[in-house]
Amino acid sequence: MFSPTPWLLGTVAGIALQLQQAQLWPVGSYAALACVSLALLALAWRWRRGVLGLLLACCAALGAGYAQVGWRAAAFDARAMASALEGRDLVVTGVVEGLPQRGQDAMSFRLRTEQAQFQGQAVVLPDLLALAWYTGHGWAHAALPVGVGSTPETQADRERALQHALQPPAQLLPGERWRLTVRLKAPHGQRNPHGFDHELRLWEQGVQAVGYVRTSARDLPPMRLQEARGQWIERARLATRQAIAKAVAEPALAGVIAALVMGDQSAIERADWDVFRATGVAHLMSISGLHITLFAWLAAMAIGALWRSSAHWTPSWCLLVPAHVAGAWGGLALAGAYAVFSGWAVPAQRTVCMLAVAVLLRSSAHRWPWPQVWLAAMAAVLLIDPWAMHQAGFWLSFVAVGMLFATDAGQQPERPVPARSMFAAAQRVGHALVRLLREQWVMTLALTPLTLVLFQQVSVVGLLANALAIPWVTLVVTPLALVGMLFPPAWSVSAFMLAGLMDFLGVLSQWSWAVLERPAAPWWCAAAGLLGGLLMVMRWPLAVRCLGLPLMLPVLLWQPARPPLGAFELLAFDIGQGSAVLVRTATQSLLYDAGPRYSRESDAGHRVLVPVLRALGERPGWLVLSHSDTDHTGGARALLASQPQMQVLSSLDPGHSLLLGQPSHVSCRAGQRWRWDGVDFEILHPSEHDAGRLRKPNALSCILRISGAAGLGSALLTGDIEAAQEAELVERGLPKTDWLMVPHHGSRTSSSPALLDAVQPRWAVVQAGYRNRFGHPAAQVLERYHARGIPVIETTRCGAATWRSDAPRQMQCLREHFPRYWHHRIGTVGMSEPAASQGILRP
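Quick caveat, the model's predicted, so the values are computed rather than measured.

> Can you walk me through the state of the cysteines in this structure?
Disulfide: a covalent bond connecting the sulfur atoms of a pair of cysteines. All chains considered together, the criterion is met by two disulfides. For C668, the disulfide goes to C702, at an S-S distance of 1.8 Å. Between C668 and C702, the S-S torsion sits near -70°, and that sign places the bridge as left-handed. With C668 in the loop between β17 (665-667) and β18 (673-676) and C702 in the loop between α24 (688-693) and β20 (703-707), this pair connects stretches of sequence that are 34 residues apart. By the burial criterion, C668 is buried, and C702 matches it. In this model, C798 is linked to C813 through a disulfide, with the two sulfur atoms separated by 2.1 Å. Between C798 and C813, the disulfide has an S-S torsion of -105° and is therefore left-handed. Highlighted residues: C798 in helix α28 (residues 795-798) and C813 in strand β26 (residues 811-813), separated in sequence by 15 residues.

Structure, rendered in structure tokens:
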């Protein structure tokens, strides 16, 4: 009989290998691989008693895992949106799926498509769309009636119906059928170093097109065709979320209660998430494995007790199925239902799979070693959702459980102390507390290296915070929140219990040393750190455990490589329609512009720049804000809050809201110069005269020229200057440059022939959003660059672009350096011939 270990290892390894593919194979290739795996399986069965059989079994499982994920991905990719339909006004009929999310600017929801038309002709769209319905002038106070916009009896009725229909409804219900005019595009996320992979998230969720509802006067108005039907789980989740919001007056507390009851993490406010991460308790503030395990245990005890008591009227059933077996399977079923109700996140999947393996083995009188149970749960989760392997939660969940298994292996269970006295009861409670504290110590120490690699920060106060938060949230707040589903006043009690904890966590998070931040280390540092953490928490002799300390040093002391003296590096972020460039020298750095504000709830600073600066270990000395447009200053507030040491150099008016309370602001003026590590920085524009006569923000853009030591390259950062300012610069004398920020994102108002002839750049970089509404970069502007043989790098195609002055002929594009098949590709990354290796371009 085969050991399950090679099968499980092979399955996990096959799935992991397939996720490294840059491009998918044809579906037939995966089918052929599956046939080869079946042949290997037959050979493994023939030689099943030897080492060769184990190797063949592992290879067969590897091929099968690779083939099934590849086949699923290829079949899904075949239904991708046709590029010819991007940006078109389409009339779509479909059903609302999942929980709509209501924000300050828009209602976001998913639509399962049934049919679609373009100019009266049927077209094929992906099955699932991610849509936003923007609020316009505000939210309607009543739901849109069925049939609005279809058959108004009078012109006045039609006008009133149309005006009402242009606003989003007060709420969208899962299961409603709608006819909407939408404008779509392929999912295209931002690709930055150590950044969040939004395209993978949408791929994993089955979304192949994103867009928004069109509500202009010339569009067919939205119409609800059918009331909500089906999707009773999602409707129950929505009703629960609304009931919690009604029962708990404080929105922040209501959001956390909703996350604990139904896994709605989006209900938690961003400021609260920052507190939870700083104190290391973020894993508790949603449906976690601990909560589901507790739920399963309580359900199993209750069902087992009911089963025993039912022996009086159904003795045959009790004899057929023992009470402990009935309780275990009943608890598993209820835990699975709870996990589905909570959204079926990775921690829930992992917990249910582990519980299922444990219950199955216990019921069949088998006992697997813990590594096999652990591997079986991992393989089950990956077979359901292979792309979960790229989630940080996947690794944190399985590594934490594996560490607890490993450190408890071989330990004899403690003898229960009879509770015949208060002393004995206190002793039993003390043992439980000691065990809880030890497990928390194990998880904190062992997961520190992995947390630093994944998030580049770890909570120093996490052990203290979790020592209080774990028992309080698990044994008090969460049970009361679950009771609220049957008795709603319990939600108010749960919120009251939660409020004190949040106040305590808020105080901890304000400590200056509450969070340790380190640059992102490579994978080998994480592996060494995890091994070191495991050694330090094992129940082994102290001399052996101390060997783990040096293994943890690489992840704690790692520093990314920097340019040599006299050279500098530019990182042009992929931040959509806006500008942000990081300039690094041997020991210093500055940030030129802060990117756009995406909405009232999100900006480039919080979403992109702050995490990347943390991952790179950068603390810039200066923030240069070229001018006041929000696509250049949108992320400044988040940056200044995260990096308070930064001084601001800008053309902003001294009374600008960003500069209030900012004592270290300096107005940029032509002639300002400084030198860092042999690299010269000079402001070329605006002059004092310009500042007095120009009023248009674009015309006041701070222009920064950077020059390395002799022969080590130069760069020109131009903001949004237009042709008039370009002419003035050329007239004053503008030297050649190696790297040019294309002025004004490639607008027709800029990049004049005179400027291009003067600077003759080796590279030109455009930071603009994918399919942005301004049409940047303009076709005629790109033609000017092409006519002069200047390669243009667009961040929409390239992702974040990295250039070093000591290697001026090379440009590294992140989309080409780390390609994956789920990433959107819109053609060549530049206008020059690429050097096909490692995403490096050469002019």
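> Just to check I follow, could you spell out the sheet that holds strand β24 (residues 792-794) for this structure?
The strands making up a sheet associate through backbone hydrogen bonding, with each pair oriented either parallel or antiparallel. Spatially, seven strands are ordered β18-β19-β20-β21-β22-β23-β24 in an open sheet, and the strand pairing comes out mixed. A single partner strand is all that each edge strand has here, and the edge strands are β18 and β24. Strand after strand, the sheet turns through a mean of 20° between neighbouring axes, direction not considered. Two elements, β20 and strand β21 (residues 714-717), share four bridges in a ladder whose sense is antiparallel. Residue pairing for β21: I706 is matched across the bridge by A715. Strands in contact with helix α25 (residues 723-732) are β19 (679-685) and β20; relative to β19, the strand with the most contacts, it is inclined by about 125°.

> Would you explain the environment of S83 in this entry?
Along the polypeptide, S83 turns up in the loop between α3 (51-77) and β1 (89-102). Along the sequence, S83 and A392 sit 309 residues apart, while their C-alpha atoms lie 32 Å from each other.

> Would you mind showing me how to read the environment of L306 here?
Mapped onto the elements of the fold, L306 is located in helix α9 (residues 289-309). Each C-alpha atom of the pair L306 and T407 lies 35 Å from the other, and the pair is 101 residues apart in sequence.

> What is the right way to look at the side chain of D574 in this model?
In this fold, D574 is placed in the loop between β10 (569-572) and β11 (581-584). Salt bridges are absent for the buried D574, whose nearest opposite-charge side chain, R815, sits at 4.5 Å. At 2.9 Å, the side chain of D574 forms a polar contact with the backbone nitrogen of R191. Here D574 is in contact with G189, Q190, R191, N192, T795, G799 and A800, once residues within four sequence places are set aside.

Criteria and thresholds
- Each residue is numbered by its place in its chain's sequence as written, counting from 1.
- Reporting in this predicted model follows two pLDDT cut-offs: at least 70 for local features of residues, and 80 or more for side-chain atom pairs to be given and counted; totals over whole chains, interfaces and linings ignore these cut-offs and use all residues.
- Only hydrogens and water are removed before side-chain values are computed, so all heavy atoms of the structure are retained for them.
- Disulfides are defined as cysteine sulfur pairs within 2.5 Å.
- By definition, any uninterrupted DSSP run of H or I lasting at least four residues is a helix, any uninterrupted run of E lasting at least two residues is a strand, and each is numbered from the N terminus.
- For every residue, the accessible area obtained with a 1.4 Å probe (protein chains only) is divided by the maximum for its type, and the residue is called buried under 20%, exposed over 50%, and partly exposed between those limits.
- Two strands qualify as a pair provided that DSSP identifies no fewer than 2 bridges between them.
- The axes are straight lines fitted to the C-alpha atoms, using for helices just the contacting stretch, and the angles between their N-to-C directions are given from 0 to 180°.
- Should any heavy atoms of two residues lie within 4.5 Å, those residues are counted as being in contact.
- Charged-residue counts in this description rest on Lys and Arg as positive and Asp and Glu as negative, His and the chain ends being excluded.
- By definition here, a salt bridge exists when the distance from a side-chain nitrogen of Lys or Arg to a carboxyl oxygen of Asp or Glu is within 4 Å.
- As used in this structure description, the phrase polar contact means that two N or O atoms lie within 3.5 Å; if the pair is within protein, one of them must be able to donate a hydrogen and the other to accept it, and residues adjacent in sequence are counted only when both atoms belong to side chains.

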